[in-house]
Amino acid sequence: MDKKNEINSGDNSTNIQGRQVLVNQQIGISYSDARQIALDVYKQNFYELSEEAKSVALERAEKLIDELLRNLEKELPEQIEKIKVPDVQYTLIKAQSIYARNGGPDTLEILTNLLKDRFRVKEDSLKKIVLNEAIEIIPKLTINQLNLLTAIFLVKNCKMSKVRVLIESLDTIITDDLVQFIQERNYFEHLVYVGAASNDITTDSSQNLEYFIRKSYSEELNEKVEGNTLDVLDPPVRNQFVIDTLSESVFFKWNHGYFNRYALTSVGIALAVTHFNIVMNANIDLNIWIKG
């Protein structure tokens, strides 16, 4: 066996050498064992780089694994053993390679959260397939495109507790940096190309934000004022009842962009849920949208 591909078996373990994954059938697994397995698999599978680039890539791979294992140890300690599962190892290789190439903090955070959910799900589930695909396309999306996905998700796939919460969330997600792209059709079409969205062929594709709010929040839209019933989405009064000065900005951004012309795939929903949880410090559950 070539020296650089050699694997040393520990006590009570069986190692199977392969080009892609290392199957370690160990009785119980510690944090340090899991960390070592993940790094061994990475070292055996990542491309040969110059010494300087190799050092940076390994440092990033270690950072991702440490962040993931800290999260698992805190929230899902019983799932750490899944690092022995071949498909989990393959997914780890992908995630480590992505972060090794692009070491930004946003990439680290979303990969950590997607991997944590990947450890959580059953191996024969649809969610496993969806999460694997979501991880694969992370390097093909910008942070602004994750914001696009999340904005579409909040309006078309999700019902918040109140209209006010929806508007506040959209105001956070549709950032000033994103505004310059909301009328760029190619920026949205790229979401279709990578498999996160599709062209919406329903009547929803021609509707404004007011339509979607009326569709999901009808019970909130009538207010009694001095004996008169007012529609709170009517522009002259909606600032007072929806969210003051933020309201018009959010309506303008949505209604002047291409948001309504796209619908999310299951992979797009997984990315949007994960990104929303990170940005808004929330904890909404992907199981609400993706069963099995």
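Residues numbered from 1 in each chain as written. Predicted model: local features only at pLDDT ≥ 70, side-chain atom pairs only at ≥ 80, totals over all residues. Heavy atoms only, no water.

A.B. asks: In this structure, what is going on with the overall build of the protein chain? I would like to understand it.
C.D. replies: The number of helices and strands found in the protein chain is 13 helices and six strands. Within the protein chain, the fraction of its 292 residues that count as buried is 45%. Here the protein chain has roughly 15000 Å² of accessible surface; of this, 47% comes from carbon and sulfur atoms. (Helix = DSSP H or I, 4+ residues; strand = E, 2+ residues; numbered from the N terminus. Buried < 20%, exposed > 50% of the residue type's maximum accessible area, 1.4 Å probe, protein only. Areas by Shrake-Rupley, 256 points an atom, 1.4 Å probe, with all protein chains shown as cover.)

A.B. asks: Help me understand the packing of aromatic side chains in this model?
C.D. replies: Given two aromatic rings, one states the distance between the centres and the angle between the planes to describe the pair. According to the stated counting rule, one finds eight aromatic pairs in the structure shown. Ring geometry for Phe 188 versus Phe 259: centroids 5.6 Å apart, planes at 90 degrees, classification edge-to-face. Here Phe 259 lies in the loop between helix H12 (246–255) and strand S6 (262–264) and Phe 188 lies in helix H9 (residues 185–193), a separation of 71 residues in the sequence. As far as the burial class goes, Phe 188 and Phe 259 line up, both buried. Between Phe 188 and Tyr 262 the ring centres are 5.4 Å apart and the planes differ by 20 degrees, which places this aromatic pair in the stacked class. Here Phe 188, found in helix H9, pairs with Tyr 262, found in strand S6; they are 74 residues apart in sequence, far enough to count as distant. Each member of the pair, Phe 188 as well as Tyr 262, carries the same accessibility label: buried. (Phe/Tyr/Trp six-rings, centres within 6.5 Å; stacked < 30°, edge-to-face > 60°.)

A.B. asks: It is not clear to me how helix H7 (residues 163–173) should be interpreted in this structure. Could you clarify?
C.D. replies: It helps to recall that an α-helix has 3.6 residues per turn; residues three or four apart then point in one direction. Within H7 the residues assigned to the buried category are Val 163, Leu 166, Ile 167, Ser 169, Leu 170 and Ile 173. Each buried residue of H7 sits inside an arc of 165 degrees when the element is viewed along its axis, so together they form one side. (Arc of directions from axis to C-beta.)

A.B. asks: Please clarify how the packing of helix H6 (residues 143–156) against H9 should be interpreted in this entry.
C.D. replies: Each pair of packed helices can be summarised by the angle the axes make with each other and by the distance between the axes. Running from N to C, H6 and H9 point in directions that differ by 80 degrees, and their axes come no closer than 11 Å. Between H6 and H9, the angle is such that the two are roughly perpendicular. Across from Asn 144, Gln 145, Leu 148 and Leu 149 in H6, the residues of H9 making contact are Tyr 187, Phe 188, His 190 and Leu 191. Residue composition of the contact of H6 with H9, by class: five nonpolar, three polar and no charged. (Axes fitted to C-alpha atoms, helices over the stretch in contact; angles between N-to-C directions. Parallel < 35°, antiparallel > 145°, perpendicular 65-115°, else oblique. Contact = heavy atoms within 4.5 Å. Nonpolar A, V, L, I, M, F, W, Y, C, P; charged D, E, K, R; others polar.)

A.B. asks: Help me out: how do you make sense of the packing of H6 against helix H13 (residues 266–279) in this one?
C.D. replies: Where H6 meets H13, the axes come as close as 8 Å, and the angle between the chain directions of the two elements is 100 degrees. On the basis of their axis angle, the class for H6 and H13 is roughly perpendicular. Residues Ile 143, Leu 146, Asn 147, Leu 149, Thr 150, Phe 153 and Leu 154 of H6 touch H13, and the partners they reach there are Ile 269, Leu 271, Ala 272, Val 273, His 275 and Phe 276. Each residue belonging to the contact of H6 with H13 can be placed in one class, and the counts come to ten nonpolar, three polar and no charged.

A.B. asks: Help me understand the pattern of salt bridges, please; the structure alone is not making it clear to me.
C.D. replies: As a working rule, side chains carrying opposite charge can pair if their charged atoms are close by. Taken as a whole and assessed by the stated rule, the structure comprises ten salt bridges. A salt bridge links Arg 118 to Asp 87; its shortest N-O distance comes to 2.7 Å. One end of the pair, Arg 118, is in helix H4 (residues 105–120); the other, Asp 87, is in helix H3 (residues 86–101), and 31 residues separate them in sequence. Across the pair Lys 215 and Asp 204 runs a salt bridge, and its minimum N-O distance is 3.3 Å. With Lys 215 in helix H10 (residues 209–216) and Asp 204 in the loop between strand S3 (197–199) and H10, the pair connects residues that are eleven residues apart, well separated along the chain. When its relative accessible area of 53% is taken as the criterion, Lys 215 is described as exposed. Among the residues examined, Asp 204 registers a relative accessible area of 13% and is labelled buried. (Salt bridge = Lys/Arg side-chain N within 4 Å of Asp/Glu carboxyl O.)

A.B. asks: Hey, could you run me through the environment of Glu 168 in this one?
C.D. replies: You can see Glu 168 is positioned in helix H7. Linking Glu 168 and Val 250, residues 82 residues apart in sequence, is a C-alpha distance of 8.7 Å.

A.B. asks: Is there a simple way to explain the layout of surface pockets in this structure?
C.D. replies: To locate leftover empty space, one rolls a probe as large as a water molecule over the atoms. In this structure, the second largest pocket encloses a volume near 600 Å³. Taken together, 24 residues line the second largest pocket, and the ones lying closest to its centre are Asn 113, Lys 116, Asp 117, Asn 277 and Asn 283. The greatest single-element share of the lining of the second largest pocket, amounting to seven residues, is contributed by H4. Broken down by class, the residue content of the lining of the second largest pocket amounts to eight nonpolar, eight polar and eight charged. (1 Å grid on protein atoms, 1.4 Å probe; cavity = no way out; pocket = protein on both sides within 12 Å on 5 of 7 lines; lining within 4 Å. Points joined across faces, edges and corners; volume = space filled by probe spheres on them.)

A.B. asks: I would appreciate a short explanation of the environment of Ile 182 in the present structure.
C.D. replies: On the secondary structure map, Ile 182 appears in the loop between helix H8 (176–179) and H9. Note on Ile 182: relative accessible area 5%, which makes it buried. Dropping the residues within four chain positions of it, Ile 182 is found in contact with Phe 188, Lys 253, His 256, Gly 257, Tyr 258 and Phe 259.

A.B. asks: Could you clarify how one ought to interpret the nonpolar core in this entry?
C.D. replies: Burial of nonpolar side chains together is a common tendency in soluble globular proteins. Within the largest apolar cluster, 75 residues are counted, with the highest numbers of intra-cluster contacts made by Leu 92, Leu 149, Leu 170, Phe 259 and Leu 271. Among the elements that line this core, the one with the most residues is H6, at eight residues. (Core = buried A, V, L, I, M, F, W, Y, C linked by side-chain atoms within 4.5 Å.)

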